[in-house]
Amino acid sequence: MPVRRVEHIMGLPISVDLRDGDAALAERAFAWLREADDRFSPFKPDSEVSRLDRGELTREELTPDLVEVLSLCDWYEESTGGAFTAHVPGRGLDPCAVVKGWAVQRAADILREGGASAFCVNAGGDVVTAGEPEPGKPWRVGVRHPDIADQVCVVLGVRDGAVATSALYERGQHILDGRTGQPVTGILSITVFSDDLAIADTTATAAFALGRDGIEWAAAQEDCEVFIVDEDRRVYSSPGLPVHIC
Amino acid sequence: MKRAIPVLALSVAGLVPVWLYSPGPAHEGEINEAAAAPETQQQTQNQAQNQPQAAPKTTGSTPVPQQQQQQQAQTRTVSGRAVNTSEGTVQVQVTFQGAKITDVKALRAPNSNPTRMALPLLRESALKAQSADIDTVSGATATSEGYKQSLQAAIDGAR
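Keep in mind that what you see is a predicted model, and the values were worked out from it rather than measured.

Visitor: Please clarify how the overall build of chain A should be interpreted in this entry.
Guide: Within chain A, the regular secondary structure consists of six helices and twelve strands. For chain A, whose C-alpha radius of gyration is 18 Å, the value lies close to the compact-globule estimate of 18 Å for 246 residues. Along the first, second and third principal axes, the C-alpha set of chain A runs to 50 × 45 × 30 Å. A total of 246 residues make up chain A; the buried ones form 51% of that total. Restricting the contact set of chain A to residue pairs at least 6 apart, pairs at least 24 apart contribute 57%.

Take a look at the structure:
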């Protein structure tokens, strides 16, 4: 039985389009996402992240899940020379940028382990797909055009994979470069295709924080294919990107 | 830190032929060029022979002399010198099947990023807009308000 459901968790609209499975399986995935929000949100005083930040927990006392999230944060922070950081000055520990992709990937894993073989999970524009929506066809994942909200600038054809986009669409929004504390310039939109959303999402976010340097940095990441629009509306794409010809 | 090494290895695999191929002083100061440079004359020759196959993959545009092609099926592994750079120590290892590079490994690589290695792997094009038939939208939709207005909401039947 197909199931379609949208719920707002972690401040994100999360859509599940389950082509084979049932409502109970979808609920397990959503339950995990609510649990992840409770445990890892820096905005919830009782979360593990908040308790760590207040010094109530030591690194040795953390759950393996948070250790995994923090090690991802550390790796990307080191790899970007600090442009990407989970330690924003004045805001304390904020691993949200990693938690989102990581938790949504695990939600997809829950669907898969529960027997679903064809689904699409979309969390605030970050996507995990499995199988095919109909026999012989990939999931068609449109990438939002950076200037025109109701159009796309490329369509990817994805079976089992993850697509994440980091972008600034509206004036007044900004992402800060952790190295300088200044708003990032150079890139309008960066999309990363990988087989795991934790990797795709964090790579997109970290590359965005690097500004123009992020173009080449993202392209050099292992198992990542990129589609990047710079401020001059030039597109840089990896030859291995699974572009779907409509 | 461990993951930086495969990342760098991939980058090196793509670029070694380019470094070796580009003539002239353009790479002056390019830290990794020295690391890719082989230790002996014989290795130099092997790598030179490889250029015709490798160059089109990375640049696609440089005219390439074909005269040095030899049909050797021999497998040979060559390690470059370890080179100290301001970014750390760099050393690569290249495996040849005859005159063709079949593998490149970074034996030692600095952890610092971003690298400037991947540019030749990217294609450049103009930005296009289309209203295609799609199943889902990838984009940065951070707010509920933004979602209501979004294509994804339309797909979800929520608007």
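Back to the text.
Visitor: It is not clear to me how the interface of chain A and chain B should be interpreted in this structure. Could you clarify?
Guide: As a measure of interface size, the accessible area lost when the parts come together is often cited. Taken together, the 55 residues of chain A in the interface contact 45 residues of chain B. It is strand E7 (residues 139-144) of chain A that contributes the most residues to the side of chain A that touches chain B, six residues altogether. Split into classes, the residues belonging to the side of chain A that touches chain B amount to 27 nonpolar, 17 polar and eleven charged. Sheet analysis places strand E12 (residues 234-237) of chain A next to strand E5 (residues 123-126) of chain B, joined by four bridges and oriented antiparallel. Within E5(B), the position partnered with Ser237(A) by the bridge is Arg123(B).

Visitor: How do you make sense of the sheet that holds strand E5 (residues 119-123) of chain A when you look at a structure like this?
Guide: The strands making up a sheet associate through hydrogen bonds between their backbones, and the pairing can be parallel or antiparallel. Reading across from one edge, E1(A)-E2(A)-E5(A)-E6(A)-E9(A)-E10(A)-E11(A)-E12(A)-E5(B) is the order of the nine strands in this open sheet, with antiparallel pairing throughout. At either margin of the open sheet sits one strand with a lone partner, and together these are strand E1 (3-9) of chain A together with E5 of chain B. Each strand axis lies, on average, 15° off the axis of its neighbour in the sheet, ignoring direction. Of the strand pairs in this sheet, E5(A) and strand E6 (residues 126-130) of chain A are connected by five bridges, and their pairing is antiparallel. Bridge pairing links Val121(A) to Val128(A) in E6(A). The sheet strands contacting helix H1 (residues 23-40) of chain A are E1 and strand E2 (12-18) of chain A, and the helix crosses E1(A) at an angle near 15°. Those strands touched by helix H5 (residues 197-209) of chain A are E6, strand E9 (161-167) and strand E10 (187-194) of chain A, and its axis lies near 160° from that of E10(A).

Visitor: Even after reading the chapter, I still don't get unusual backbone geometry, so can you show me in this structure?
Guide: Leaving glycine out, the prevailing phi sign among residues is negative, and the prevailing peptide bond configuration is trans. Residue and element names in this part refer to chain A. A positive phi is found at methionine 10, a non-glycine position, where the angle reads about 60°. Positionally, methionine 10 belongs in the loop between E1 and E2. Positive phi, normally seen in glycine, also occurs at arginine 233, with a value near 65°. If you trace the backbone, arginine 233 turns up in the loop between strand E11 (225-230) and E12.

Visitor: Help me understand the environment of Pro95(A), please; the structure alone is not making it clear to me.
Guide: Residue and element names in this part refer to chain A. As for its placement among the helices and strands, proline 95 is situated in the loop between strand E4 (92-93) and helix H4 (96-113). For the pair proline 95 and aspartate 160, spaced 65 residues apart in sequence, the C-alpha to C-alpha distance is 26 Å. Ignoring any residue separated from it by four or fewer positions in sequence, one finds proline 95 in contact with Phe40, Val49, Val69, Leu70, Cys73 and Ala86.

Visitor: So what exactly am I meant to see when it comes to the sheet that holds strand E8 (residues 152-158) of chain A here?
Guide: If you walk across this open sheet you meet the three strands as E8(A)-E7(A)-E6(B), and the pairing is mixed. The open sheet has two free edges, formed respectively by E8 of chain A together with strand E6 (136-138) of chain B, since each of these has just one partner strand. Direction aside, the axes of adjacent strands within the sheet are offset by 35° on average.

Visitor: Is there a simple way to think about the pairing of E9(A) in this case?
Guide: Moving residue by residue along a regular strand, the side chains alternate between the two faces of the sheet. All names here are of chain A. Taken across its seven residues, E9 has seven buried, putting it largely inside the fold. A two-sided burial pattern is seen for E9, the buried positions comprising Gly161, Val163, Thr165 and Ala167 on one face and Ala162, Ala164 and Ser166 on the other. Of the strand pairs in this sheet, E9 and E10 are connected by six bridges, and their pairing is antiparallel. Note that in E10 the partner of alanine 167 across the bridge is serine 189.

Visitor: Teacher, can you tell me more about helix H3 (residues 64-79) of chain A here?
Guide: Every α-helix winds through 3.6 residues per turn, so residues three or four apart in the chain are directed the same way. Residues and elements named next belong to chain A. For H3, built from 16 residues, the straight-helix expectation of 22 Å at 1.5 Å per residue is met to within 8% by its first-to-last C-alpha distance of 22 Å. For H3, the set of buried residues is Leu66, Val69, Leu72, Cys73, Tyr76 and Ser79. Around the axis of H3, the buried residues are gathered within 165° of arc, so they sit on the same side. Of the exposed residues in H3, those oriented more than 90 degrees away from the buried face are Pro64, Val67 and Ser71. In the stretch just after H3, glycine 81 is the one whose phi turns positive, near 65°.

Visitor: What am I meant to see in the packing of H1(A) against H4(A) here?
Guide: Packed helices, taken two at a time, are described by their axes: the angle between them and the distance between them. Residue and element names in this part refer to chain A. The N-to-C vectors of H1 and H4 enclose an angle of 155°; their axes lie 9 Å apart at closest approach. Of the possible angle classes, the one that applies to H1 and H4 is roughly antiparallel. Where H1 crosses over H4, the two elements pack in a sense that is right-handed. Of the residues in H4, those in contact with Leu25, Arg28, Ala29, Trp32, Leu33, Ala36 and Phe40 of H1 are Val99, Ala103, Arg106, Ala107, Ile110 and Leu111. For the contact of H1 with H4, the per-class residue count stands at eleven nonpolar, no polar and two charged.

Visitor: I'm lost on the nonpolar core in this one. Help?
Guide: Across soluble globular proteins, nonpolar side chains show a tendency to be buried alongside one another. Counting residues in each nonpolar core, the largest one holds 85 residues, and the members touching the most others are Val121(A), Ala200(A) and Ala218(A). Not counting the four nearest positions on each side in its chain, Ala200(A) is found in contact with Gly101(A), Ala162(A), Val163(A), Ala164(A), Val192(A), Phe193(A), Ser194(A) and Cys224(A).

Criteria and cut-off values
- Residues numbered from 1 in each chain as written.
- Chains lettered and ligands numbered in written order.
- Predicted model: local features only at pLDDT ≥ 70, side-chain atom pairs only at ≥ 80, totals over all residues.
- Helix = DSSP H or I, 4+ residues; strand = E, 2+ residues; numbered from the N terminus.
- Rg over C-alpha atoms; globule rule 2.2 N^0.38 Å.
- Buried ≥ 20, exposed ≤ 12 C-beta atoms within 10 Å, placed from the backbone.
- Contact = placed C-beta atoms within 7 Å.
- Nonpolar A, V, L, I, M, F, W, Y, C, P; charged D, E, K, R; others polar.
- Pairing = 2+ DSSP bridges.
- Axes fitted to C-alpha atoms, helices over the stretch in contact; angles between N-to-C directions.
- Expected span 1.5 Å × (residues − 1).
- Arc of directions from axis to C-beta.
- Parallel < 35°, antiparallel > 145°, perpendicular 65-115°, else oblique.
- Left-handed = near helix turned anticlockwise from the far one by under 90°.
- Core = buried A, V, L, I, M, F, W, Y, C linked by C-beta atoms within 7 Å.

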